[in-house]
Amino acid sequence: MDKSSAVLITGCSSGIGAATAAELARHGFTVYATARKPETLQELAELGCRTLALDVTDEASTAAAVAEVERESGPVGALINNAGYSQSGAVESIPLDEIRRQFETNVFGLIRMSQLVLPGMREAGRGRVVNIGSMGGKLTFPGGGIYHATKYALEAISDAMRFEVQGFGVQVVLVEPGLIRTEFAHAATTSMESIDVASPYAHFNGKLAETMASVYNGPVGKALGGDSEDVAKTIRKALESKRPRARYTVTPSAKLGIAQHAVTPDRVWDLAMRAQFPVPKP
């Protein structure tokens, strides 16, 4: 794509979003880095990114951000839907308001951002939408049902959109990272603080937090994981390619996990999960 066209990225306060904004800015793209708290974007501003406040769960905020980009730079050239987080815990134990908040951020915010930029892309006859999914959109770990549900949703949304908008010159790409060494594990375990400690799943949820920390920060994370910069480079590749792939899988853990899950019977998969997670019971 034309590097002078605006690239709008959501969720740039840290992690993949921040790394992607920095990577693209260093390679000459016109980058609009956004976050709910724009004061977290100072380092990206120093790299040449234009920064905006954007809360993907707020209609006025999303509309204002897209309008500002289009006013300054014309139709958005690429939208990178990165904003998201993980809500962990046994499904029954998570308050419904927290489940709604997870979907508002990870799914509905992504849909609304896409709806807002697509009219300009269609009029221009070009554009790219890059959705940051996860290997968790192809397989599910215990305690991750709600988060995985949002990433499964992105698989369907991306597949449908890819077909629907291609005739207008717009390409849709789904990026599926595996284990990424960021603050993800900490944020995921912190998300369980609202769960009732008297829940019958309290022991399971506690062990889940320990398991996630050990996987992300231990030998498995080091051997099979990756860094935010690995995802950022893949996103840049998807933008620079004349014919980007429908999906880009990032990190050895994603490639291995998705391939293993595809050929593993459900009962065998469940047995493998029991080796890593305690089975909730009275």
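Just so you know, these numbers come straight off a predicted model, no measurement behind them. (Residues numbered from 1 in each chain as written. Predicted model: local features only at pLDDT ≥ 70, side-chain atom pairs only at ≥ 80, totals over all residues. Heavy atoms only, no water.)

Trainee: Sorry, what's going on with the environment of Val 263 here?
Mentor: Along the polypeptide, Val 263 turns up in helix H10 (residues 252–263). For Val 263, a relative accessible area of 69% corresponds to the exposed category. Residues Val 263 and Lys 37, spaced 226 residues apart in sequence, show a C-alpha to C-alpha distance of 43 Å. (Helix = DSSP H or I, 4+ residues; strand = E, 2+ residues; numbered from the N terminus. Buried < 20%, exposed > 50% of the residue type's maximum accessible area, 1.4 Å probe, protein only.)

Trainee: What am I meant to see in the environment of Phe 103 here?
Mentor: With respect to the element layout, Phe 103 can be found in helix H4 (residues 96–124). Separated by 48 residues in sequence, Phe 103 and Lys 151 have C-alpha atoms that sit 9.7 Å apart. Other than its neighbours up to four places away in sequence, Phe 103 contacts Phe 108, Ile 146, Ala 149 and Thr 150. (Contact = heavy atoms within 4.5 Å.)

Trainee: I tried to follow the packing of H4 against helix H5 (residues 145–165) on my own but got confused; where do I start?
Mentor: Axis separation between H4 and H5 bottoms out at 9 Å; the angle between their running directions is 15°. Considered as vectors, H4 and H5 are oriented roughly parallel to each other. Where H4 crosses over H5, the two elements pack in a sense that is right-handed. The segment H4 lies against H5, with Ile 99, Gln 102, Phe 103, Asn 106, Val 107, Leu 110, Ile 111, Ser 114 and Leu 118 engaging Ile 146, Tyr 147, Ala 149, Thr 150, Lys 151, Ala 153, Leu 154, Ile 157, Met 161 and Val 165. Along the lines of polarity and charge, the residues of the contact of H4 with H5 split into 14 nonpolar, four polar and one charged. (Axes fitted to C-alpha atoms, helices over the stretch in contact; angles between N-to-C directions. Parallel < 35°, antiparallel > 145°, perpendicular 65-115°, else oblique. Left-handed = near helix turned anticlockwise from the far one by under 90°. Nonpolar A, V, L, I, M, F, W, Y, C, P; charged D, E, K, R; others polar.)

Trainee: Is there a simple way to think about the environment of Val 130 in this case?
Mentor: Tracing the sequence through the fold places Val 130 in strand S5 (residues 127–132). Sequence spacing of Val 130 and Asp 270 is 140 residues, and the spatial spacing of their C-alpha atoms is 32 Å. When residues no more than four places from it in sequence are discounted, the contact partners of Val 130 are Leu 79, Ile 80, Asn 81, Val 173, Val 175, Ile 235 and Leu 239.

Trainee: Looking at this structure, how should I read the pattern of salt bridges?
Mentor: Two side chains that carry opposite charge are able to pair once their charged atoms sit near each other. Scanning the model with the defined rule gives 15 salt bridges in all. Among the salt bridges present, the one from Glu 23 reaches Arg 236, with a minimum N-O distance of 2.6 Å. Here Arg 236 lies in helix H9 (residues 228–240) and Glu 23 lies in helix H1 (residues 15–26), a separation of 213 residues in the sequence. Exposure remark for Glu 23: the relative accessible area of 9% places this residue in the buried category. Since its relative accessible area comes to 18%, Arg 236 is described here as buried. Of the charged contacts in the structure, one is a salt bridge between Arg 247 and Glu 155, with a shortest N-O distance of 2.8 Å. Linking Arg 247 in strand S7 (residues 247–250) with Glu 155 in helix H5, this pair joins segments that are 92 residues apart in sequence. (Salt bridge = Lys/Arg side-chain N within 4 Å of Asp/Glu carboxyl O.)

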